[in-house]
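Analysis of the macromolecular model
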Amino acid sequence: MKVCPYKALSVLESLRPSALPYKTCPATASVSGCCTALQSTSLTTSLYDPSSPAYHASQATYWRVDNTQFYPSCIVQPRSASDLSIALSVLVSTNDNTPQCRFAIRAGGHSTLVGGTNVDYGVTIDLSVLNRTVYDEEKRIASIEPGARWKGVYGALAEYGVGVAGGRGGTVGVGGFLVGGGNSHHSALFGFACDSVVNFEIVLPNGTLTTANSTYNPRLFRALKGGSGNFGIVTRFDMETFPQPRNSIWGGIVTYEHDETNVNTQINALIDFTANVKSDPYASLIPLYTYISTMDRPVIVNSLVYTKPFADPYPDAFKAFYPLPNISDTTRQTDLEGLVGELEPESGLHSNFFTVTFANDAAILKKAVEIQERLIGQVKKIAKSSEWNIKSLYQPLPGLFAEIGRKKGGNVLGLDEGRDYILVDLLWLTWDHVDDTALFDWVGETFMSELDDFARSVGGDYPYVYLNYAAESQNPLRSYGEENLEFLKALAKEYDPHGIFQTQLHGGFKVSLA
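The paragraphs below set out a description of the structure included in this document. (Residues numbered from 1 in each chain as written. Predicted model: local features only at pLDDT ≥ 70, side-chain atom pairs only at ≥ 80, totals over all residues. Heavy atoms only, no water.)

1. Structural notes on empty space enclosed by the protein
This model, assessed by the stated rule, comprises six cavities of 30 Å³ or more. Lining the largest cavity are 50 residues, with His110, Ser111, Gly176, Phe177 and Asn468 sitting closest to its centre. Counting residues per element, the lining of the largest cavity draws most heavily on helix 6 (residues 174-179), at four residues. In terms of lining, the second largest cavity is formed by 15 residues, of which the most central are Ser184, Ser284, Leu285, Pro396 and Phe401. (1 Å grid on protein atoms, 1.4 Å probe; cavity = no way out; pocket = protein on both sides within 12 Å on 5 of 7 lines; lining within 4 Å. Points joined across faces, edges and corners; volume = space filled by probe spheres on them. Helix = DSSP H or I, 4+ residues; strand = E, 2+ residues; numbered from the N terminus.)

2. Examining helix 4 (residues 81-91)
For helix 4, the tally of buried residues reaches eight of 11 residues, placing the bulk of the element in the interior. Where helix 4 is concerned, the buried positions are Ala81, Asp83, Leu84, Ser85, Ala87, Leu88, Val90 and Leu91. (Buried < 20%, exposed > 50% of the residue type's maximum accessible area, 1.4 Å probe, protein only.)

3. A look at the pattern of salt bridges
Under the definition given, this model contains 22 salt bridges. Among the ionic pairs, Arg406 bridges to Glu417, the shortest N-O distance being 2.5 Å. In this pair, Arg406 sits in helix 12 (residues 399-407) while Glu417 sits in the loop between helix 12 and strand 19 (422-431), placing the two residues 11 residues apart along the sequence. One network of salt bridges, with partners in common, ties together Glu159, Arg246, Asp335 and Glu337. (Salt bridge = Lys/Arg side-chain N within 4 Å of Asp/Glu carboxyl O.)

4. Quick notes on the sheet that holds strand 8 (residues 197-203)
Two orientations exist for strands paired in a sheet by backbone hydrogen bonds: parallel and antiparallel. Strand order in this open sheet of five strands is 5-6-10-8-9, and the pairing throughout is antiparallel. Each of the sheet's edge strands pairs with one partner strand only, and the pair in question is strand 5 (133-136) and strand 9 (209-213). Adjacent strand axes in the sheet meet at a mean angle of 20 degrees when their direction is disregarded. As paired elements, strand 8 and strand 9 share five bridges and run antiparallel to each other. Counted as the bridge partner of Phe200 is Ala212 from strand 9. Along the sheet face, helix 4 touches strand 8, strand 9 and strand 10 (233-240) and points at about 45 degrees away from the line of strand 8. Packing against the sheet, helix 5 (residues 150-158) makes contact with strand 5, strand 6 (141-144) and strand 10, and its axis sits at approximately 35 degrees to strand 5. (Pairing = 2+ DSSP bridges. Axes fitted to C-alpha atoms, helices over the stretch in contact; angles between N-to-C directions. Contact = heavy atoms within 4.5 Å.)

5. Things to note about the state of the cysteines
Tallying each qualifying case throughout the model produces two disulfides. Linked covalently through their sulfurs, Cys34 and Cys101 form a disulfide whose S-S length is 2.2 Å. Taking the torsion about the S-S bond as the criterion, the Cys34 to Cys101 disulfide, at about -105 degrees, is left-handed. With Cys34 in helix 2 (residues 33-39) and Cys101 in the loop between helix 4 and strand 3 (103-106), this pair connects stretches of sequence that are 67 residues apart. Its relative accessible area of 0% is what places Cys101 among the buried residues. Across the disulfide from Cys35 sits Cys74; the S-S distance is 2.0 Å. (Disulfide = S-S within 2.5 Å.)

6. Thoughts on the pairing of strand 3
Alternating positions in strand 3 separate into two faces, Phe103 and Ile105 on one and Ala104 and Arg106 on the other, with burial throughout. With four bridges joining them, strand 3 and strand 4 (residues 123-126) adopt parallel strand pairing. Looking at strand 4, one finds that Arg106 is bridged to Asp126.

7. Quick look at the sheet that holds strand 1 (residues 47-48)
Spatially, 1-2-4-3 is the arrangement adopted by the four strands of the open sheet, whose pairing is mixed. Strand pairing shows two members of the sheet lacking a second neighbour, strand 1 and strand 3, which therefore form its edges. Bridging between strand 1 and strand 2 (residues 74-76) involves two bridges; their strand directions are antiparallel. Opposite Tyr48, over in strand 2, you have Ile75 as the bridge partner. Strands strand 3 and strand 4 of the sheet are contacted by helix 4, whose axis makes an angle of about 165 degrees with strand 4.

8. Observations regarding the pairing of strand 10
Across the eight residues of strand 10, six count as buried, placing the element largely inside the fold. Two elements, strand 6 and strand 10, share four bridges in a ladder whose sense is antiparallel. Pairing of Ile144 across the sheet is with Phe237, part of strand 10. As judged from the six bridges shared by strand 8 and strand 10, these two strands associate in the antiparallel manner. Residue pairing for strand 10: Phe200 is matched across the bridge by Phe237.

9. Details of the packing of helix 11 (residues 362-382) against helix 13 (residues 437-457)
Running from N to C, helix 11 and helix 13 point in directions that differ by 155 degrees, and their axes come no closer than 10 Å. On the basis of the axis angle, helix 11 is roughly antiparallel to helix 13. Of the two elements, helix 11 crosses helix 13, and the hand of that crossing is right-handed. Along the contact surface, helix 11 presents Ala363, Ile364, Lys367, Ala368, Ile371, Gln372, Arg374, Leu375, Gln378, Val379 and Ile382, while helix 13 presents Leu439, Phe440, Trp442, Val443, Thr446, Phe447, Glu450, Leu451, Phe454 and Ala455. (Parallel < 35°, antiparallel > 145°, perpendicular 65-115°, else oblique. Left-handed = near helix turned anticlockwise from the far one by under 90°.)

10. Considering the environment of Glu344
Among the secondary structure elements, Glu344 is positioned in the loop between helix 10 (336-339) and strand 17 (350-359). For Glu344, a relative accessible area of 26% corresponds to the partly exposed category. Leaving out residues up to four positions away in the same chain, Glu344 has contacts with Gly169, Gly170 and Thr171.

11. Remarks on the packing of helix 9 (residues 260-275) against helix 11
Orientation of helix 9 relative to helix 11, taken along the N-to-C sense of each, is 135 degrees, at an axis distance of 10 Å. The angle between helix 9 and helix 11 places the two elements in the oblique class. When you trace helix 9 past helix 11, the crossing you get is right-handed. Facing helix 9, whose interface residues are Val263, Asn264, Ile267, Asn268, Leu270 and Ile271, helix 11 presents Ala362, Leu365, Lys366 and Val369. Tallied by class, the residues present in the contact of helix 9 with helix 11 amount to seven nonpolar, two polar and one charged. (Nonpolar A, V, L, I, M, F, W, Y, C, P; charged D, E, K, R; others polar.)

Next comes the structure, spelled out in structure tokens:
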């Protein structure tokens, strides 16, 4: 078997030697009809085949290791919306001389779906060069390109003393986060991040460049707020901003021992916080129930963030947590750019997300901790990985978020304004040995199934599946409800009548499969 000359492989291999099986080389651009067709356009200087250092640089920047092990025949990096329009026009061409091309789209490359943003023997459209953030001081609108990362966005806007409702991890990309909904530290103030978008610039599947907002293509505007990549590729998000001077936020990470007394106290504090989100929408809480194999002990890690500019430290919203003894505490006066590094996901590991949503009920949370502890014990006995983590991140999801979204023109997430007391759980799994992939997939499926069954047994289940946390086996688009799903299917047929993004586009959650 011939080994690919994949330069980034040696770097990753040195970090995780057991995790990277070699693969046969892909077709080079010279023998790929799709890449040849792109080569004949003005994109020739933005097109890279496996012999190019730029090809390997792009491949090395995926968050999930598994996505670096796909080998596209070529990678195209559009430098403008018109570049992207040309690329899509070629890839979807029905010309007899152009083969039907499989392609993938990556913005930040942060997807946990294997192959969700990369493709074997096809064309990967890498949007990482489209990463500008431009602020219009008169309109107070930030125009952000899809390849930008949130840390860079916050840094650029801090120069003007403003912020946007965006991601809580600095390396998370803008594009996928926003079209998947986008939960942020500011959701209780401004709704999901997608609800702060006032205009989308998008290249449709046939290569047409257009916009969608409340007055122009309003149905597409609504569909893009949670409908993911089913309608085209967004090339610019115009977002509302709010005042956020540098170093005006109080927050940080506090770590606690994980014992029975502390768990019960923490659960009760989370229940109380969630029931009172409306009373202080500046407060953002994310408790992480965490096991890290290299520490060989579980801990509780709370992200406490208070976004009101220059408010007094230790706000009352978190008062239940202050008396609890902690192991460490990083809370301080900082800014969005400083905060996002603390929730930064590990790179260089295999990883997966699973999610479930349920009532704000202490019995359900206690059951979740019980299931997690049991599964950790089972993994300890059989895992081949020397480094692995199991984390549950519980986040309030009150009806307030849906209410704000409706007032801003609506989205397709299907959340119920009348259900104020809801929590969404992200189960986040990482491991360093490829042979453990099936094991951790089993952990995720088992945790979600058992917890959902228990929640249903006590009348606390809730159908919503947050797309940005969903595993490949989950069905977030269907969880939006039948009416929203039919709306999305109709829009997909309207804007993509040939089903290009349902068939030729590799990866992602398809409305046709929901």
